[in-house]
Amino acid sequence: MDALILPFTVLRLLLGGVLLMAAVGKLLHRQAYAQTLAEFGVPTALQPPLAWLMPTCELAIAFMLTLAMSTWWSAIAGAALLALYTAVLAY
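To start, this report covers the structure provided alongside it.

Helix and strand content of the protein: 4 helices and 0 strands. In the protein, the order of α-helices and β-strands from amino to carboxyl end is α-α-α-α. Across its three principal axes, the protein shows a C-alpha extent of roughly 50 × 25 × 15 Å. Burial status across the protein gives 23% buried among its 91 residues. Considering only contacts within the protein whose residues lie at least 6 apart along the sequence, 59% involve residues at least 24 apart.

So this is what it looks like as structure tokens:
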């Protein structure tokens with residue numbers, strides 16, 4: 001079990017870093033992100049809340065992963081978020 005601690009820690013930090021960069025990019029360029037949501041067919045009324053909610057969720061999961069706060073729950077939340085993004089792209 002000790003042999004898996006280092007690879008899992010590296011993977012956890014990498015995923016946290018990716019989510020952190022994605023959240024910061026979306027928060028810094030909210031207008032462009034809202035336009036992207038519009039191009040995906042998100043209704044106009046949902047675009048402003050989603051432009052805040054989605055990066056906030058990414059940011060929360062990134063902090064939970066990088067700070068090792070309840071890593072199982074943060075890993076499950078991260079996997080669910082990435083599955084949601086994949087489903088939307090596949091649609």
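Moving on, we come to the nonpolar core. Counting 11 residues, the largest nonpolar core consists of Leu19, Tyr33, Leu37, Val42, Ala51, Met54, Ile61, Ala62, Leu65, Leu81 and Tyr85. Within the residue set of this core, elements represented by two or more residues are α2 (30–39), α3 (47–66) and α4 (71–90). If sequence neighbours within four positions are ignored, tyrosine 85 has contacts with Lys26, Met54 and Glu58.

Burial in α2 covers these residues: Tyr33, Ala34 and Leu37. For α2, the buried positions fall inside an angular range of 100° around the axis, keeping them on one side. Within α2, the exposed residues directed more than 90 degrees away from the buried face are Gln31 and Glu39. On its buried side, α2 packs onto α1 (5–28) and α3. Just downstream of α2 lies glycine 41, where phi reads positive at about 90°.

Assignment of secondary structure puts glutamine 47 in helix α3. Those residues in contact with glutamine 47 that sit more than four places away from it in its chain are Ala34, Leu37, Ala38 and Val42.

Tracing the backbone through its elements, the reader meets threonine 36 in helix α2. Residue threonine 36 is classed as partly exposed on the basis of its relative accessible area of 32%. Taking the C-alpha atoms as reference, threonine 36 lies 9.7 Å from alanine 51; in sequence the two are 15 residues apart.

Turning next to α4. Compared with an ideal rise of 1.5 Å per residue, which puts 20 residues at 28 Å, α4 spans 28 Å between its outermost C-alpha atoms and is within 8% of the ideal. If you check which residues of α4 are buried, you get Ser74, Gly78, Leu81 and Tyr85. Projection of α4 onto a plane perpendicular to its axis shows the buried side chains occupying an angular sector of 65°, all on one side. Among the exposed residues of α4, those pointing more than 90 degrees away from its buried face are Trp72, Trp73, Thr86 and Ala90. If you follow the buried residues of α4, they end up packed against α1 and α3.

Conventions we followed
- Residues numbered from 1 in each chain as written.
- Predicted model: local features only at pLDDT ≥ 70, side-chain atom pairs only at ≥ 80, totals over all residues.
- Heavy atoms only, no water.
- Helix = DSSP H or I, 4+ residues; strand = E, 2+ residues; numbered from the N terminus.
- Buried < 20%, exposed > 50% of the residue type's maximum accessible area, 1.4 Å probe, protein only.
- Contact = heavy atoms within 4.5 Å.
- Core = buried A, V, L, I, M, F, W, Y, C linked by side-chain atoms within 4.5 Å.
- Arc of directions from axis to C-beta.
- Expected span 1.5 Å × (residues − 1).

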